[in-house]
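Notes for the structure review
The primary structure of each chain is shown beneath.
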Amino acid sequence: MPEAVIVSALRTPVGTARKGTLRDTDAYALAERVVRATADRLAGLGVEPDRIDDVMLAEGLYGGGVIARHAALTAGLTTVPGLAHNRHCAASLAAVQSAAASIRSGMDEVVIAGGVNSASTSPRYRFRQGEEWNEAWVPPTHPDRPDAPNMDMSITVGWNAAVAAGVSREEMDAWALRSHRNAIRAIDEGRFADEIVPVETPYGLFAVDEHPRRDTSLEKLAALKPLHPEIEGFSITAGNAAGGNDAATALAVVSDRLGLPALATVKAWASVGVDPADTGLAPIQAIPKALARAGLGTDDVGLYEINEAFAAMCVAVIRRLDLDPEKVNVNGSGCSLGHPVAATGGRMLVTLVHELRRTGGGIGVAGMCAGGGMGSAVVVEVPAP
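Summary of the structure given here. Everything quoted here is computed from the prediction, not taken from an experiment.

The tally for this structure, following the rule as stated, stands at one aromatic pair. Between Trp159 and Phe234, the aromatic rings sit 5.1 Å apart at their centres with planes inclined by 40°, giving tilted as the arrangement. Of this pair, Trp159 sits in helix α4 (residues 153-165) while Phe234 sits in the loop between α6 (218-222) and β10 (245-255); the two residues are 75 residues apart in sequence, bridging distant segments of the chain. With relative accessibility at 15%, the residue Trp159 sits in the buried group. The ring of Phe192 is capped by Arg11, whose NZ or CZ atom sits 4.8 Å from the centre of that ring. Directly above the ring of Tyr203 sits Arg23, whose terminal nitrogen or CZ lies 3.9 Å from the centroid.

It is worth spelling out the pairing of strand β3 (residues 54-59) at this point. By the criterion of burial, β3 is predominantly enclosed, with six of the six residues buried. Pairing between β3 and strand β5 (residues 110-118): six bridges, direction parallel. Residue pairing across strands places Asp54 opposite Val111, the latter belonging to β5. Two elements, β3 and strand β4 (residues 82-85), share four bridges in a ladder whose sense is parallel.

Cut-offs applied
- Here, residues in each chain are numbered from 1, in the same order as that chain's written sequence.
- A pLDDT threshold of at least 70 governs which residues receive local features in this predicted model, and a stricter bar of 80 or more applies before side-chain atom pairs are shown or counted, although totals over entire chains, interfaces and linings include all residues.
- Water and hydrogen atoms were dropped before computing side-chain values, which therefore reflect all heavy atoms in the structure.
- Side-chain rings of Phe, Tyr and Trp, where Trp is taken by its six-membered ring, are said to pair if the distance between their centres is within 6.5 Å; with planes under 30 degrees apart they count as stacked, over 60 as edge-to-face, and otherwise as tilted.
- Helix and strand assignments come from DSSP, with helices taken as H or I runs of at least 4 residues and strands as E runs of at least 2, each series counted from the N terminus.
- Relative accessibility decides the category of a residue: with a 1.4 Å probe and only protein chains considered, values under 20% of the type maximum give buried, values over 50% give exposed, and everything between is partly exposed.
- Charge-over-ring placement is defined geometrically: NZ (Lys) or CZ (Arg) within 6 Å of the ring centre, and within 35 degrees of the ring normal.
- By the convention used here, strands pair only if DSSP detects at least 2 bridges between them.

Right under this line is the structure:
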């Protein structure tokens, strides 16, 4: 079988939903930006648009349509079809997995895969019209239950994971602070320079992730009120949870038989289902499953990206898998960079590939939970420079 290799890995900066720089830039524009930039990268490698087999983009709760085809057309890729993916939070990981599978099977040779999320313009969120609030319908991720409400992930994902793994409020806040500090350091050191495609917005050129907070501290995080004070001991707050965000990402996944310079090889992947009440713990099963398929163990991994949907679930996964925290989210994650749901998995892979290249190569794993009791992981190998 041919190997599936990544030859381009790009993303937009991550915006803060509804009040950030991307608040008036919809998912179609975001998708077009990264797809066009990826097609340009491929053209620079000698792969013309008519050799691109497909565009596979994740989209979540955006009201239907196929944004991937829309982006292909607006990027000038008229002969390229499009495919919409949705595995909730892991949707853009699923897009990359599908691209790799199609290439390894020999059906395709060049696929652009990733995801896009515009929480600012999606019908998912409540919005104000005059003085009235209008409630947009949100498709549920799973049947509603008292122990796993399908519209409140702070309980289903965050709090349930905290209780199961004994994660304290202090540990959650400390991890969230670490996330912000890591993200700010990465921005200041220019670690994201090779992965970010700036976006033209009505407010100017947007080129730097805006969600991380430079001024946060343990004291400020500790002062935040829990989201559910009526639940005894509940310690999930807005500060130790991911934000609502806007972003897009695209990776060019191609056959190694084309002989193009590879940033990384997609070694293996896996997705799992768990009880919805255990959603936050799903990466505990997905990560080892993906590593086993690659013939590897946790000791072989140089870096992990584990999405911080909530700090509690990330700490719980690290604890249960006995991972070295210093290998996890070295450039921040959901609590700081944010969680643009349908784009997050792709963002994790993009950052993981570039960070491994910066630090000398090796094995990397991107793992995350996904709404409805799902988890997913991808294993990549980055060659030494």
